[in-house]
Amino acid sequence: MKIFNSIKSFSAVKPTIVTIGTFDGVHVGHQKILEQITKEAHDLNCESLVLTFFPHPRMVLQEGTEMKQLNTLDEKINLLDSLGIDNLVVHPFDKEFSRLTAEEFVKEVLVDVFKIRKIIIGYDHRFGRNRTANIDDLIAFGETYGFEVEQISVKEIDEVSISSTKIRNALLEGNIELAAAYLGYNYSLTGIVSKGKQLGRTIGFPTANIKVEESYKLIPLNGVYIAKSIIEDKTIYGMMNIGTRPTVDGTTQTIEIHFFDFNKDIYNQKITISFLKRIRSEEKFKSVEALKVQLAKDKETALSYISQL
């Protein structure tokens, strides 16, 4: 997949089959649409093109809006790449771009730059300055400029919208398995391994502290999870705690993972952790010793689950 950091940096080799969207999560609903544009591109001897924006338009147009997203930009790029998309244009969304009229966007972007043959888009898609143009306007532009417009059905769009909401809600409720069913893959987060207070090491459960750099990344509900990571091409399982560590009077949220049968130094490495199952809520124990007993039980639960995978 070729990646372009702006519309202007793209140069069409062949006519394109285009879709536009934020595609947060690149979940099973999105995957159906994306598979359709890759198939049509192949059938029509064109190239598939996804236009997305970063930052999210709502964060620019509604200043102060905090939007937690299912994917970081890097995660989204990797997911789109895995689906066989030919071209990904990640355009920096700003207020100047938002002022393009609908016809300017169609003529200057879709026609002149993308050499569009066909666009596959939702019935509810709105575009142009103040989002005043709709699917009917796009169809009219298609007739004027010679490209085809295919609407994604109401049912499919509703499924996509419902899925995104359900995924976020599931993660915020700690229902990792439901989120994975909607996503079509295990939810994950990526961060740098950093040194913490190293309390875990003193009680037999050394942990890697994970610092997620992107503040907009959605972090699931606090609690203890079974998780896995790929380190040096090996799958390593572990149990992860998201929370404030109330037993030792912690106040800020941390993400810590204790890997099983693994003792290599991975400080300052960037790793990806995939969630498999939530074991329990975070608790405040009467003593560190009581916490240690519970962690031993959590490990048994986790190892039993992993043995059945």
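Residues numbered from 1 in each chain as written. Predicted model: local features only at pLDDT ≥ 70, side-chain atom pairs only at ≥ 80, totals over all residues. Heavy atoms only, no water.

K.L.:
Tell me about the pairing of strand β3 (residues 47-54), and please be specific about residues and values.
P.N.:
Of all eight residues in β3, seven are buried, a share of seventy percent or more. The pairing of strand β2 (residues 16-20) with β3 spans five bridges and is parallel. Considered in β3, the bridge of Thr16 is made with Glu47. Handedness of the crossover is the feature at issue here: the chain leaves β2, passes through helix α1 (residues 28-43), returns alongside β3, and the resulting connection is right-handed. Here β3 pairs with strand β4 (residues 87-92) via six bridges, running parallel. Note on β4: the bridge partner recorded for Phe53 is His91. (Buried < 20%, exposed > 50% of the residue type's maximum accessible area, 1.4 Å probe, protein only. Helix = DSSP H or I, 4+ residues; strand = E, 2+ residues; numbered from the N terminus. Pairing = 2+ DSSP bridges. Right-handed = clockwise from strand over helix to strand, strands pointing away.)

K.L.:
Go over the sheet that holds β4 with me, naming the residues and quoting the values.
P.N.:
Spatially, six strands are ordered β1-β4-β3-β2-β5-β6 in an open sheet, and the strand pairing comes out parallel. The sheet is open, and its two edges are formed by β1 (2-4) and β6 (148-152), each paired on a single side. Each neighbouring strand pair of the sheet contributes to a mean axis angle of 20°, computed without reference to strand direction. One ladder, built from five bridges, connects strand β5 (residues 116-122) with β6; its direction is parallel. For Gly122, the partnering residue across the bridge sits in β6 and is Ile152. (Axes fitted to C-alpha atoms, helices over the stretch in contact; angles between N-to-C directions.)

K.L.:
Describe the sheet that holds strand β9 (residues 223-231), and please don't skip the residues or the numbers.
P.N.:
Pairing between sheet strands relies on hydrogen bonds along the backbone, with the strands arranged either parallel or antiparallel. Spatially, β7-β8-β11-β10-β9-β12 is the arrangement adopted by the six strands of the closed barrel, whose pairing is antiparallel. The mean angle between the axes of side-by-side strands here comes to 45°, regardless of whether they run parallel or antiparallel. Here strand β10 (residues 234-243) pairs with strand β11 (residues 254-259) via six bridges, running antiparallel. Each bridged residue has a counterpart across the sheet, and for Gly243 the counterpart in β11 is Thr254. Relative to the sheet, helix α8 (residues 176-183) contacts β9 and β12 (270-280), its axis offset from that of β12 by approximately 125°. (Contact = heavy atoms within 4.5 Å.)

All quantities given are derived from atomic positions and should not be read as evidence of function.
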